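The primary structure of each chain is shown beneath.
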Amino acid sequence: MSATRKEGVTQFVSVKSHAGEPCFLKLDFEPARIEGVDKSAVKSLSEGRFEILLKQGEKAILYPKNIKSATISPINGLSTEYNTFGLN
């Protein structure tokens, strides 16, 4: 899974299935555009939760409204701010 936020706004969320099982996400946006899978593979649940039906190896990228494209870039920080899981 990967995601990017810019100025407090989520730019996209990307998920890839390694097992071919449904994926459950809680998002802070309603997906307006979906790449990689048919829109019918994404089911809205409640309270910002979504189920994505992915086959093994499939990848889905979900974008909120008004985001046309997004890029992943490194976060600059001091080495003392990092831990095993990334930036503190």
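On a predicted model such as this, the values are computed, not experimentally measured, just so you know. (Residues numbered from 1 in each chain as written. Predicted model: local features only at pLDDT ≥ 70, side-chain atom pairs only at ≥ 80, totals over all residues. Heavy atoms only, no water.)

**Topic: the side chain of Glu51**
Our working rule: The way it works is that DSSP assigns letters per residue, a run of H or I at least four long becomes a helix, a run of E at least two long becomes a strand, and they are numbered from the N terminus. Buried means the residue's accessible area, taken with a 1.4 Å probe over protein chains only, is under 20% of the maximum for its type, while exposed means over 50%, and partly exposed covers the values in between. Note that His is not counted, nor are the chain ends; the positive residues are Lys and Arg, and the negative ones are Asp and Glu. The salt bridge definition used is simple: a Lys or Arg side-chain nitrogen within 4 Å of an Asp or Glu carboxyl oxygen.
When you line up the elements, Glu51 lands in strand 6 (residues 49-52). The buried charged residue Glu51 lacks any salt bridge partner; its closest oppositely charged side chain belongs to Lys43, at an N-O distance of 4.5 Å.

**Focus on the sheet that holds strand 7 (residues 59-63)**
We apply this condition: When DSSP finds at least two bridges between two strands, those strands are taken to pair. What counts as an axis is a line fitted to C-alpha atoms, over the stretch in contact for a helix, and the angles between N-to-C directions run from 0 to 180 degrees.
One open sheet accounts for four strands, arranged 1-2-7-4; its pairing is antiparallel. A single partner strand is all that each edge strand has here, and the edge strands are strand 1 (2-6) and strand 4 (33-35). Mean inter-strand twist for the sheet, computed between neighbouring axes without regard to direction, equals 10°. Relative to strand 7, strand 4 is paired through three bridges, and the arrangement is antiparallel. Bridge pairing in strand 7 places Glu35 opposite Ile61.

**Regarding the nonpolar core**
Under the convention used in this document: Residues belong to a common nonpolar core when they are buried Ala, Val, Leu, Ile, Met, Phe, Trp, Tyr or Cys residues joined through side-chain atoms within 4.5 Å. Pairs of residues are marked as contacts when any of their non-hydrogen atoms sit within 4.5 Å.
Core analysis: the largest hydrophobic core is formed by 14 residues, its most contacted members being Val15, Leu27, Ile52, Ala60 and Leu62. Apart from the residues lying within four places of it in its own chain, the contact partners of Leu62 are Phe12, Val13, Leu27, Phe29, Pro31, Arg33, Ile34, Val42 and Ile52.

**Examining the pairing of strand 6**
As paired strands, strand 3 (residues 23-26) and strand 6 are joined by four bridges and run antiparallel to one another. The residue of strand 6 that forms the bridge with Phe24 is Glu51. In terms of strand pairing, strand 5 (residues 42-44) meets strand 6 through three bridges, oriented antiparallel. Of the residues in strand 6, the one forming a bridge with Lys43 is Glu51. Between strand 5 and strand 6, which follow one another and run antiparallel, lie four residues, and Glu47 among them has a positive phi close to 55°.

Purely geometric numbers; function is a separate question.
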